[in-house]
Structure formats: C-alpha cells, structure tokens
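Observations on the model geometry
As a plain string of letters, each chain reads:
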Amino acid sequence: PINSTVDALAKLHGYAQIVGELVQERMASVAAHMSTPIVARDMLQITKAHGRDKLLYWGFSYGTVLGTTFSAMFPVCSSDNTDSLSSRSSSFQG
C-alpha cells in the first residue's frame, strides 16, 4: 500500500520514474509511428475493409479528438457529431 510506511510513496514514485524511463527508451522507435492521424488512417482502412463508405463512431475524451481528426482528414467518409473536450490544445501537442 502507498501509505504502509513513511517512505512508501517516495519508493513508489521512484519506481514509476524508472519504469517510465525504460518504456521511453525501449519504445521510442514504436512511438514514432503512433499518432492521431495514423490512427485515423487505420480507422479508414478498417471502415473500407468492412465494405462501408462512412464511419459510424462515437468517442469520448481522446476519442473526441480522434473523431474530429478523422472528420477533418476524411470529410466524405464521416458525418461530424462531436462531444465537448475540456482541453483541446493539450490533446494535439506532441
């Protein structure tokens, strides 16, 4: 548990930092190929693979960003219906 000892929280924080650094180091090459536009292109390919012309999609939070990105990239393949997003600018920053 987090509060089992006086220094448990500090140890947990240190562990989380080490894991984060390892993930960043080992997954950098994969992360370079992961972005919202790439996921939107994948969504289009999945839609086409199912023989559909338009995407039927309902997203929340990051899903709203993803749906908006898809609609902007492929307006003919979507009908725009989005929910609000609390911090749009931070969602688009790398």
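To keep things clear, this report deals only with the structure shown in the data block.

Quick notes on the rules
Residue numbers run consecutively from 1 along every chain, following the written order of its sequence. pLDDT decides what is reported in this predicted model: residues at 70 or higher carry local features, side-chain atom pairs at 80 or more are listed and counted, and totals for whole chains, interfaces and linings draw on all residues regardless. Hydrogens and water are ignored here; the side-chain numbers use all heavy atoms of the structure. By definition, any uninterrupted DSSP run of H or I lasting at least four residues is a helix, any uninterrupted run of E lasting at least two residues is a strand, and each is numbered from the N terminus. Between buried and exposed lies partly exposed: a residue is buried under 20% and exposed over 50% of the maximum accessible area for its type, with that area taken using a 1.4 Å probe on protein chains only. Each accessible area value is a Shrake-Rupley result obtained with a 1.4 Å probe; residue values ignore everything except the protein chains displayed when judging cover. Angles here are taken between N-to-C directions and fall from 0 to 180 degrees, while the axes themselves are lines fitted to C-alpha atoms, restricted in helices to the stretch in contact. Any angle from 65 to 115 degrees is called roughly perpendicular, while one under 35 is roughly parallel, one over 145 is roughly antiparallel, and all others are oblique. In a left-handed crossing the near helix is turned counterclockwise from the far helix by less than a right angle, and in a right-handed crossing that turn is clockwise. Any two residues whose heavy atoms approach within 4.5 Å at even a single point are treated as in contact. Classes in brief: Ala, Val, Leu, Ile, Met, Phe, Trp, Tyr, Cys and Pro nonpolar; Asp, Glu, Lys and Arg charged; the others, Gly included, polar. We define the nonpolar core as a collection of buried residues of types Ala, Val, Leu, Ile, Met, Phe, Trp, Tyr and Cys that are connected through side-chain atoms lying within 4.5 Å of one another.

Right, let's get into the overall build of the protein. Across its full length, the protein holds four helices and zero strands. Of the regular secondary structure in the protein, the N- to C-terminal order runs α-α-α-α. Split into buried and exposed, the 94 residues of the protein put 21% on the buried side. Per element, the accessible surface of the protein, about 7,500 Å² overall, is 60% carbon and sulfur.

A separate point is the packing of helix α2 (residues 36–49) against helix α3 (residues 62–73). One can describe the packing of α2 onto α3 by two numbers: an axis separation of 9 Å at closest approach and a directional angle of 70°. The pairing of α2 with α3 is recorded here as roughly perpendicular in orientation. As α2 runs across α3, the sense of the crossing is right-handed. Residues T36, P37, V39, A40, R41, M43 and L44 of α2 lie in contact with α3, whose contacting residues are Y62, V65, L66, T69, F70 and M73. A per-class count over the contact of α2 with α3 returns ten nonpolar, two polar and one charged.

By size, the foremost hydrophobic cluster in this structure holds eight residues: A40, M43, L44, L55, L66, F70, F74 and C77. Looking at which element gives the most residues to this core, the answer is α2, with three residues. Not counting residues up to four positions away in its chain, the partners in contact with F70 are A40, M43, L44, L55, C77 and S78.

Among the structural elements, T47 can be located in helix α2. Apart from the residues lying within four places of it in its own chain, the contact partners of T47 are R52, K54 and L55.

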